[in-house]
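Reading the structure
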Amino acid sequence: MSFDITELSGDRSEQYRQLREQAESLLAGETDRVANSANLAALIFHALPDLNWAGFYFTRGGELVVGPFQGKPACVRIAWGRGVCGTAAATGETQVVADVHAFPGHIACDADSRSEIVVPLRHGGAVVGVLDLDSPKPGRFDEVDRAGLEGLAAVFVETLSD
Ligand code: SME
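Heads up: these notes are all about the structure in this document. (Residues numbered from 1 in each chain as written. Predicted model: local features only at pLDDT ≥ 70, side-chain atom pairs only at ≥ 80, totals over all residues. Heavy atoms only, no water.)

Points about the pattern of salt bridges
Should the charged atoms of two oppositely charged side chains come close, the side chains can pair. Taken as a whole and assessed by the stated rule, the structure comprises 10 salt bridges. Of the charged contacts in the structure, one is a salt bridge between Asp142 and Arg12, with a shortest N-O distance of 2.9 Å. Placement of the pair is Asp142 in the loop between strand E6 (126-135) and helix H4 (143-158) and Arg12 in helix H1 (residues 12-27), with a sequence separation of 130 residues. The closest approach of N and O atoms between Glu63 and Arg77, which form a salt bridge, is 2.7 Å. Note that Glu63 is positioned in strand E2 (residues 63-71) and Arg77 in strand E3 (residues 77-79), a separation of 14 residues in sequence. For Glu63, a relative accessible area of 24% translates into the label partly exposed. Owing to a relative accessible area of 53%, Arg77 belongs among the exposed residues under this scheme. (Salt bridge = Lys/Arg side-chain N within 4 Å of Asp/Glu carboxyl O. Helix = DSSP H or I, 4+ residues; strand = E, 2+ residues; numbered from the N terminus. Buried < 20%, exposed > 50% of the residue type's maximum accessible area, 1.4 Å probe, protein only.)

Set out below in structure tokens:
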């Protein structure tokens, strides 16, 4: 099977609606966590502008461990509650950070990153990981991104069998 990433059109909310449809079709019928997170990271990284990193951290033994992503090699383990990712995991709330240098405890994996959004992945009453996007542009992410990426995270979580 080949998958074409079709050009997104319309306003940004409409673009996220189209991206969600593409994600649903890309992940349809597959429950493997690595396969689906790898493909979703690639879809997001290539579909959305101004990103330098897009990918997953998964909960393992009370900390976050890097999963499939697109971008430069990243920090492998992040303590629960640390950095933007650890804060999203510990609070269960999406973190939108306009200026990563102003975020206490931000973990700089790629020096190019200036803003970041991290969406927790809730499954079966627990946070099983996070979806993390970084941008070289300050203030890259807003409420449209939050709503859109929470929708994409939901598409991923719905495919999980365990
Ligand atoms: N900046 C993140 C670490 C992960 S990288 O951005 C890929 C943080 O503070 O949690």
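Let's talk about empty space enclosed by the protein
On inspection of all chains with the given rule, the structure shows one cavity of 30 Å³ or more. What the largest cavity holds in volume is close to 150 Å³. If you trace the largest cavity, you find 16 residues lining it, with Ile107, Cys109, Glu116, Asp132 and Asp134 closest to the centre. Counting residues per element, the ones that place at least two in the lining of the largest cavity are strand E1 (53-60), helix H3 (83-91) and E6. (1 Å grid on protein atoms, 1.4 Å probe; cavity = no way out; pocket = protein on both sides within 12 Å on 5 of 7 lines; lining within 4 Å. Points joined across faces, edges and corners; volume = space filled by probe spheres on them.)

Quick look at the state of the cysteines
Applying the stated rule across the entire model yields one disulfide. Note on cysteine connectivity: Cys75 is disulfide-linked to Cys109, with sulfurs 2.0 Å apart. Across the S-S bond of Cys75 and Cys109 the torsion is about -125°, and the bridge reads as left-handed. One end of the pair, Cys75, is in the loop between E2 and E3; the other, Cys109, is in the loop between strand E4 (95-97) and strand E5 (115-123), with 34 residues separating them in the sequence. Residue Cys109 is classed as partly exposed on the basis of its relative accessible area, which comes to 34%. (Disulfide = S-S within 2.5 Å.)

Description of the site of the ligand
Around the ligand lies a shell formed by Trp53, Tyr57, Ile78, Gly83, Val84, Cys85, His106, Ile107, Cys109, Glu116, Asp132 and Asp134. At a separation of 2.8 Å, an oxygen atom of the ligand approaches a polar backbone atom of Cys85. Within the contact set of the ligand, an oxygen atom lies 2.7 Å away from a side-chain nitrogen or oxygen of Asp134. Taking 310 Å² as the accessible area of the ligand by itself, protein coverage stands at 99%. If you list the elements that add at least two residues to the shell around the ligand, you get E1, H3 and E6. Ranked by the residues each element gives to the shell around the ligand, the list is headed by H3, at three residues. (Near = heavy atom within 4 Å. Polar contact = N/O pair within 3.5 Å; in protein donor to acceptor, adjacent residues only side chain to side chain. Areas by Shrake-Rupley, 256 points an atom, 1.4 Å probe, with all protein chains shown as cover.)

Remarks on the packing of aromatic side chains
All told, the structure shown has five aromatic pairs when counted by the stated rule. Of the aromatic side chains, those joined through ring pairs into one cluster are Trp53, Tyr57 and Phe69. Above the face of the Phe58 ring, Arg33 is positioned so that its terminal group lies 5.4 Å from the ring centre. (Phe/Tyr/Trp six-rings, centres within 6.5 Å; stacked < 30°, edge-to-face > 60°. Lys NZ or Arg CZ within 6 Å of the ring centre and 35° of its normal.)

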